[in-house]
Amino acid sequence: MATITLEYNARNIQAQKTLEYILSMGFFKSVATHQPEKKSRLEQSLEDVDNGNVFFLAGPAKR
């Protein structure tokens, strides 16, 4: 058995209808829905620092 992974915008109605149609034919089955991992606030903060989104770490900016 092979696995197919699809990425799509869950708000796109056409994409949802297409997937519903494909699953309704019975050739494929849905194993599980993918939920994005939730990051802790610390992990989000460290990611912001790595991406350069933070200009100072604590307190107001120094003059």
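To be clear, the structure that these remarks concern was listed above.
First, a word on scope: everything that follows refers to the structure included in this document.

Definitions and cut-offs
Residues numbered from 1 in each chain as written. Predicted model: local features only at pLDDT ≥ 70, side-chain atom pairs only at ≥ 80, totals over all residues. Heavy atoms only, no water. Helix = DSSP H or I, 4+ residues; strand = E, 2+ residues; numbered from the N terminus. Buried < 20%, exposed > 50% of the residue type's maximum accessible area, 1.4 Å probe, protein only. Areas by Shrake-Rupley, 256 points an atom, 1.4 Å probe, with all protein chains shown as cover. Expected span 1.5 Å × (residues − 1). Patch = residues over 30% accessible without salt bridge, like charges linked within 9 Å, V, L, I, M, F, W, Y side chains within 5 Å. Salt bridge = Lys/Arg side-chain N within 4 Å of Asp/Glu carboxyl O.

Observations regarding the overall build of the protein chain
Next, step 1: When helices and strands are counted, the protein chain shows 2 helices and 0 strands.
Next, step 2: When each of the 63 residues of the protein chain is scored for burial, the buried share is 2%.
Next, step 3: In the structure as shown, the protein chain presents an accessible area of about 7000 Å², 55% of it carried by carbon and sulfur atoms.

A word on helix α1 (residues 13-24)
Next, step 1: For α1, with 12 residues, the first-to-last C-alpha span of 16 Å sits near the 16 Å given by 1.5 Å per residue.
Next, step 2: After α1 finishes, the residue G26 shows a positive phi value of roughly 90°.

Remarks on a nonpolar patch on the surface
Next, step 1: Taken together, the side chains of I4, L6, Y8, Y21, L23, M25, F27 and F28 define a hydrophobic patch exposed on the protein surface, amounting to about 920 Å² of accessible area.
Next, step 2: With respect to the helices and strands, the residue Y21 is situated in helix α1.

So, the pattern of salt bridges
When the charged atoms of two side chains with opposite charge come close together, those side chains can pair.
Next, step 1: The tally for this structure, following the rule as stated, stands at 1 salt bridge.
Next, step 2: The closest approach of N and O atoms between K39 and E47, which form a salt bridge, is 2.3 Å.
Next, step 3: The exposure class of E47 is partly exposed, given its relative accessible area of 34%.

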